[in-house]
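Observations on the three-dimensional arrangement
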Amino acid sequence: MHDTRPGQRPLLTMFAVVVAGLLLAAHAKALSQEPAKDPAHYRTSVVILGAGTPKADPERSGPAIAVVVGERSFIFDAGPGIVRRAQAAADRGNPALAMNRLDTLFITHLHSDHTLGLPDFIFSPWVLGRERNPRIYGPPGTARMVDHITAAWSEDIAMRRSGLQAAKALGFAAEVTEIAPGLVFEEDGVRIEAILARHGKWVAAFSYRVTTPDKIVVISGDTGFSPELAEFAKSADILLHEVFSSSTVDRSRNDADYHRSFHTSTEEVAEIARRAQPKLLVLYHQLFWGASDAELIQQVRSAGYDGAIVSARDLDVYS
Ligand SMILES: [Zn+2]
Ligand SMILES: [Zn+2]
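Residues numbered from 1 in each chain as written. Chains lettered and ligands numbered in written order. Predicted model: local features only at pLDDT ≥ 70, side-chain atom pairs only at ≥ 80, totals over all residues.

A short note on the sheet that holds strand β11 (residues 238-244)
Strand order in the open sheet made by the seven strands is β7-β8-β9-β10-β11-β12-β13, with mixed pairing throughout. Edge positions in the sheet fall to β7 (182-187) and β13 (309-311), since each has one partner strand and no second. Taken over all neighbouring pairs, the strand axes of this sheet differ in orientation by 20° on average, direction set aside. With six bridges joining them, strand β8 (residues 190-196) and strand β9 (residues 206-211) adopt antiparallel strand pairing. Counterpart to Leu196 in the pairing with β9 is Phe206. Running at roughly 145° to β13, helix α10 (residues 293-302) makes contact with β11, β12 (280-287) and β13 of the sheet. (Pairing = 2+ DSSP bridges. Helix = DSSP H or I, 4+ residues; strand = E, 2+ residues; numbered from the N terminus. Axes fitted to C-alpha atoms, helices over the stretch in contact; angles between N-to-C directions. Contact = placed C-beta atoms within 7 Å.)

Re the packing of helix α9 (residues 266-276) against α10
Running from N to C, α9 and α10 point in directions that differ by 55°, and their axes come no closer than 8 Å. Compared by their axis directions, α9 and α10 come out oblique. Judged by the twist between their axes, the crossing of α9 over α10 is right-handed. Contacts from Thr266, Val269 and Ala270 of α9 reach α10 at Leu296, Gln299 and Val300. Residues of the contact of α9 with α10, tallied by class, amount to four nonpolar, two polar and no charged. (Parallel < 35°, antiparallel > 145°, perpendicular 65-115°, else oblique. Left-handed = near helix turned anticlockwise from the far one by under 90°. Nonpolar A, V, L, I, M, F, W, Y, C, P; charged D, E, K, R; others polar.)

A short note on the nonpolar core
Most often, soluble globular proteins have nonpolar side chains that are buried together. Within the largest apolar cluster, 75 residues are counted, with the highest numbers of intra-cluster contacts made by Leu49, Ile65, Ala66, Val67, Leu239 and Leu283. Sorting elements by how many residues they give to this core places strand β2 (residues 64-69) first, with six residues. (Core = buried A, V, L, I, M, F, W, Y, C linked by C-beta atoms within 7 Å. Buried ≥ 20, exposed ≤ 12 C-beta atoms within 10 Å, placed from the backbone.)

A few points about the sheet that holds β2
Taking strand neighbours across the sheet as the criterion, the seven strands line up as β6-β5-β4-β3-β2-β1-β14 in an open arrangement whose pairing is mixed. This sheet does not close on itself; its edge strands, each paired only once, are β6 (175-178) and β14 (317-318). Relative to strand β3 (residues 72-76), β2 runs antiparallel, the two sharing five bridges. What sits directly across from Ile65, in β3, is Phe76. In the packing of helix α2 (residues 82-91) onto the sheet, the strands contacted are β1 (44-50) and β2, and the crossing angle to β1 comes to about 135°.

Given below as structure tokens:
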């Protein structure tokens, strides 16, 4: 009954091939029907950890923007206040900004207002439970800055890793990648690209574009008027752009020239947004010079931009 005489072999082989084919087809179908990951895994929002500038404004911490994708956070710049604002966001129910999740940071440029929170970002979450070394991406010079910070806190590191305090072996040793324009990061549905910003004489200042399965977020960093950024920000859901109030900037002072080459006026932001057409324009790193949020928005509107616009405050969430 079960012998396999030579004459039957081709038949059996054919049967095996057919069965294998059916199994493969069923497997492929199962793969194609595999339920997509829970959309919450990729749900993207932007949390303002700091909307500020070098000004020591108690209401606006130094610049730091979190792009939250599900339970992951990608933070852009490390202004002073970054860790406490992240904890405040976590306390408001955003687990992606809990201390043990603060592990991925992108620096736009090395001006102190954007980097004074670096030691805080490197050490505080470690002391508070982060077990993975933080990843820091930034312009050339970032590695040297992080090396100096690590050396400056070497006594603290040694103390915490020995004796009664015994902090985790991992979590404080930042892994730095110095970037060039182009694709700088890609991981589980998140792509981050960078272009050079026009920030005065800075050779390497970056703007970033974050593409997730459900959103495109563009962060200008500090920049003067940049047609390249307008192009880079096309089809963005959220464009976060720095700005200064052109009606209140003191043109009689020498720093008017400085602001024009390093930063973007309300009229120029209107032109950038008119070209890029983001679904939402968020003004941040606002140099008010006495203007209010409403006046800043009014200036952009008067300059011809009629899309959705807000003037960011710390802990605002956009999604
Ligand atoms: Zn700045
Ligand atoms: Zn700057």
